[in-house]
Structures are given as C-alpha cells and as structure tokens.
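# Summary of the model geometry
Read off the chains here:
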Amino acid sequence: MKTMSSSQKTSFWHNAIIYQVYPWTFFEDPDRRPLGNGSIRGITQKLNYIQSLGANALWVSPFFASPMIDGGYDVTDYTQVHPLLGTIEDVDELIAKLHERGMKLMIDFIPNHTSDRHPWFVQSRASKRTVKKDWYIWHNGRRGVDGSLQPPNNWARVFSLPQLERRKAGLLDLPEGAYTPPLSAWEFDGQRNQFYLASFSDAQPDLNWSNVGVRKAMKDQLRFWLDRGVDGFRIDAANHIGKNMELPDEEPDTSYQEGVDNPYDQLRRHNSCDYPETLHHYLDELTDVLKEPAYRERDARFIYEAYMEENDLDYLNRLCPEKATTFNFGALDRISWSGLPRKLQLDSYYSRLPKKSIANHVNGNHDKDRLASRIGDDAARAAAVFTLCLSGMRFIYNGEELNLRNGYVSTARRQDPNGLRDPERTPIPWHDTRKNAGFSTAPAHELYLPINKNDIIRAVNVQLRQSTSPLRLYQAIGELMKENTILQCGKFASRTTNDHDVVAYAREYQGFEVLVLTNFSDTTKEAMVDNTTLQQGNIVLSSLPVHESIRRIDLSKPVRLEPYEAIVITA
Ligand code: GLC
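Residues numbered from 1 in each chain as written. Predicted model: local features only at pLDDT ≥ 70, side-chain atom pairs only at ≥ 80, totals over all residues. Heavy atoms only, no water.

## Topic: the sheet that holds strand β6 (residues 138–139)
The strand order across the open sheet built from three strands is β6-β10-β9, with neighbouring strands paired in antiparallel fashion. For this open sheet the edge positions go to β6 and β9 (186–189), each flanked by a neighbour on one side alone. Looking at chain direction, β6 and strand β10 (residues 194–197) are connected through two bridges and run antiparallel. Residue pairing in the sheet places H139 in a bridge with F195 of β10. (Pairing = 2+ DSSP bridges. Helix = DSSP H or I, 4+ residues; strand = E, 2+ residues; numbered from the N terminus.)

See below:
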C-alpha cells in the first residue's frame, strides 16, 4: 500500500472534525450578559462539550460588528466583535483555550460585501469624488423605452425568495402563469444619485474587487485575524467576488420551476458572479496571503463557500489545493438521501479532487433545513456515521449531534431577510427544566430567536442520560476516531455491494482497512460487499441502538443491516 504524501502527513486538516457554532443562538454566558443571545464566552465555556463529540476544530459564524440585517453577514467592522457577543479579548481567550487543547479556530471571512453602514460605504455613497468612490459598484443606470430610469442590467438579488410570499399575499400585480420576478440586484441611492450593486440584501452592497485598494484592505483584514492566531477561514459567498465588470445581462435559465425555486434562479449566472477571469485571479491573490513568510508555516486554510456547477468548482479546487478547497455541497444540495446517487456523488467527488487537496463533507449549515428535519431521525443518525467516518474535514452544524429539528419562528420574530433560514438557527437546548432550555436567562420574548419547544425533550442533559441518544452516538463516533489510526489517517477507497441501497466505503492505511456500510432504505437488507480486504470483522459501532455489544461477522456472507442503519467494521 502507498504511504501518505507529505502534505497528508503534515496538515492538521486531513483529520479534522469541525464543529460549526452559530454564535447568536449557541450559549449565553450566564455571568455576564443575560441579553437573550449567545456569546463568545458562552462558546469557551462549552469546549469540553464540543470536544466530547470528537471535534478538534471550531468554525464560528460571524461575530463581528454588524447591524444584524443578515445574521452578521453584514459587517460594519471586521476587526471588532459585536458588543452583544463579547469583546476582542474574549476571542483571544477562545483562541488560547482552543490552542491549549490542540484545537483550531476557523472564522468567516466575508469578501463580497459589507454592511451599508460600514464606514467605507458611508464614504463611498457620500460623494463621487472621495477616495472610496469606486470601492463599491456604482452605475448611473439606463433609460427604459418609456424614458424611466432603469437598473443597468437584469442581475438579480440572491434574497429573492420573499417575492414568492409577496405574490401569494396578492402584493404583486402579475398575470396568471407569469413568473414571479426576482428582485433587482441594483438599489438606487438618493445620496449619490446612482445605483449600487447589492447581490444579497440592499443592506449589503457588493465591494468592487476590481479596485486595488479594496483588495489590499481585504487582505489586511485576513492578516489581522491571522496575527491574532486564527487558523482558517470559511470564505463566504466566494464565487460572488468574480464579476464581469462590463455588466452584461444574464441569460434565462430554462430549468427554473415557478413556485418551487427561488426567483433568483430564473437567470443563469456567468457574469454577476462565477466569472472565471476575475474570480480565479482574486482567489489566487487571497491565498497568496497564506503563503506570506509570516504565515506559510501555519497550516492555515481556506474553505470556499461557492454554490456553482461541478466543473466550475473543479477549477477553484485546482487553484491552490494545498491551501484551499471548495465546500463539498454535492450531497447537501443536489441529491436526496438515497443510496445510489450518494455513492456516485461520493466516488466522483474523491476522484475529481486534486492530489494535494483535502476532502470535506457537510450534512448541514445555518442556511439549510436541519438534517433531522430533512431526512428523519434514523437517517440522520446514519448520516452522522457515514459522514464522520470519511477522510478530511468533516463538519457538524451545532445541534446536529442532538438530532435537532427546525424550530417554528413566527413572522413577527423573524431575523432573516431571506425569510426562511431562522428555523435552523433556533437556540441549542442545554437543559430540559431550566428557563429557555438553559440557553439564556433573559425573558423568552427577548431571545434572539425563540426556543424550539418541541425539541426541549432533546436537550443535552436529557441525551447525556440516555445511552442510545444521538448525542451519545456522536460521542461514540468521536471515541472511535480517537482510538482508531485507520480512521484518522486512512485514505478513502470505494467499495461495492450487491444492493444499490447499501453504500460501502473503506478507509485504508498501511494494508489495513475499516469498512463503513450504510443502509439508505427503510427496509432490512442483507448485503454482500464485493471488494473488501476484510474476511472477518467486528462491528464496532452502529448508528442504531439495536446492538448492545461488538459483534463478530463473516464478510464472505451477507451482512444484515436494519432500516437506516450504518455500521463500522474493523478487522
Ligand atoms: C452565505 C452565508 C449566508 C449569508 C450569505 C450572504 O451564503 O452562508 O448565511 O446570508 O452568504 O453573506
């Protein structure tokens, strides 16, 4: 068997379980600020818990100064911590405490836009003569056939989903059968008498990456956090920084389904974002920061959030594989919980990945319905085993370990401008009998988002008492990782079975393998694995609480799997 390449030996990220914390709803520091939201110190207090899941890294979603129009992705000062979440010293302390434990911190970097209250934008909108005049994308607009002032082109806003609701409520005057129009990505600004581009919400103007000053300022922001000890960045909406500055119209996307898709998807995206000529250049420039003498020995890494076609993702993955990879959203976004498609996606993902790259896997995040709501409780347990036993960077979105489901958030309590993502961001229930499920001591109506009452029964303290709970399953996976070198270092190898619903893969290391089998169906299966090197093995872990102890099995005979069961087999 081949030995590992040097990059595999040296990079921490080859064997990283990264726990994503949504700081506003994770845990409030009860000693300091009973204000109804989580805090940085709240995260620091829960490091034992996070580590008990086998996680060795954190990704903390934005905690920067922000008017909170888009959950903190609208930043007014990237070098300041939002006062409701804590202080920069709190972040320093979090970094120090993580590093003491050998853990790493990844934070969000938001290159495409700032808040409209960011001093840069305030200056830019104030006058056409300021030095920041071209830091955002301004345009006079064009005249329509009737002489009215129109946006410069047809580019649409990502946050166009509320248009569907407006239509349902009778607020849009549209003929029957007509498509619901997306919102324009251009916003007219009365102060500068021009349009500015805002691809997400009007409160998030897009930065002009063709401006050298912008690029320099953004790279300085990365250096600011690298100098404080941050180990990696999740690059938010990375594909949006690459635009065609000639501003041509986008073409219609004929696969759009009215009433189902976001009206934003009526247009293909080749110019408003995903524009290779500029995108690749700017991402190269960003990764160059990680290669500067001050940082190059640091093993710091980027992971790009980019919802793009697979071929376009391949290009991004080839730019600087030793430092940056795109998120692998294939399973999350494109396919349902189903054996054959999942197997094909997984095999093709690993085969396309450049040599020096590091794989990654996600089951959810703060933008998607919660895993258990999407696929059900048992399948969610299987997904945990299936995903966490893979190689590379594996992400757990906070609450996944409890099989939390989407909460109910009334229109009056909404935080999300896109209208839909609050349910997956409701607070973590820590304790079933404490106020606000132990999340916060503030009055319930002052919480950032309401507690999901239906899931108080899934609180951490309850699940710790139950030997068969999802939380105990995540902990068992974490324990197994700690003691099994093959699961830490082994490379991914595809295996086949005689049944499309049962997906098999192995982790191979120095001639040995660990085998993972997952039944994606709701019926019991007897599956034969065709090409494993194991003749006999021990089932050391099952996603279901059906088997009490380790079972020895003969792999020359069919292996029995319960509905939605995932098992791990060692030699
Ligand atoms: C990313 C974030 C999302 C945010 C958007 C705009 O997609 O994950 O939460 O709304 O970027 O910054």
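## Section: the environment of E513
With respect to the secondary-structure elements, E513 resides in strand β18 (residues 512–519). E513 sits 461 residues away from S52 along the chain, and the two C-alpha atoms are 25 Å apart. Sequence-distant contacts of E513, that is, excluding residues within four places in its chain, are made with I486, R495, A506, R507, E508, T532, T533, L534 and A571. Only 2.8 Å separates the side chain of E513 from the side chain of R495, close enough to count as a polar contact. (Contact = heavy atoms within 4.5 Å. Polar contact = N/O pair within 3.5 Å; in protein donor to acceptor, adjacent residues only side chain to side chain.)

## As for the environment of V568
Its location among the elements puts V568 in strand β23 (residues 566–570). When its relative accessible area of 0% is taken as the criterion, V568 is described as buried. Sequence separation between V568 and T326 is 242 residues; the distance between their C-alpha atoms is 28 Å. (Buried < 20%, exposed > 50% of the residue type's maximum accessible area, 1.4 Å probe, protein only.)

## As for the sheet that holds β18
Spatially, the six strands line up as an open sheet ordered β16-β17-β18-β23-β20-β21, and their pairing is antiparallel. The strands lining the two open edges of the sheet, one partner per strand, are β16 (491–495) and β21 (551–554). Ignoring strand direction, the axes of neighbouring strands in this sheet form an average angle of 30°. One ladder, built from four bridges, connects β18 with β23; its direction is antiparallel. Counterpart to L515 in the pairing with β23 is I569. Strands β16 and β17 (502–509) of the sheet are contacted by helix α11 (residues 339–352), whose axis makes an angle of about 140° with β16. (Axes fitted to C-alpha atoms, helices over the stretch in contact; angles between N-to-C directions.)

## Here's the deal with unusual backbone geometry
Backbone geometry at N403 places phi at a positive 55°, although glycine is not the residue there. Position of N403 relative to the elements: it lies in the loop between β15 (392–397) and α14 (460–465). According to the relative accessible area criterion, N403 is buried, its value standing at 4%. One non-glycine residue with positive phi stands out, namely Y564, at about 55°. One can find Y564 in the loop between β22 (559–561) and β23. A relative accessible area of 23% places Y564 in the partly exposed class.

## Some words on the nonpolar core
By size, the foremost hydrophobic cluster in this structure holds 135 residues, and its most contacted members are Y19, I50, L58, F63, W225 and F233. Here the element with the most residues in this core is helix α13 (residues 377–388); it accounts for eight residues. In contact with L58, not counting residues within four places along its chain, are I18, Y19, V21, I43, L47, I50, L94, L98, K104, L105 and M106. Of all hydrophobic cores here, the second largest spans 16 residues; its members include V502, A506, L515 and L517. (Core = buried A, V, L, I, M, F, W, Y, C linked by side-chain atoms within 4.5 Å.)

## Overview of the packing of helix α8 (residues 276–290) against helix α9 (residues 310–319)
Following both chains from N to C, one finds α8 and α9 inclined at 30°, their axes separated by 10 Å at the closest point. As the angle between them shows, α8 and α9 are arranged roughly parallel. The handedness of the crossing between α8 and α9 is right-handed. Within the contact between the two elements, α8 uses L279, H280, L283 and D284 and α9 uses Y315, L316 and L319. Among the residues forming the contact of α8 with α9, the class breakdown is five nonpolar, one polar and one charged. (Parallel < 35°, antiparallel > 145°, perpendicular 65-115°, else oblique. Left-handed = near helix turned anticlockwise from the far one by under 90°. Nonpolar A, V, L, I, M, F, W, Y, C, P; charged D, E, K, R; others polar.)

Taken by themselves, the reported measurements are silent on function.
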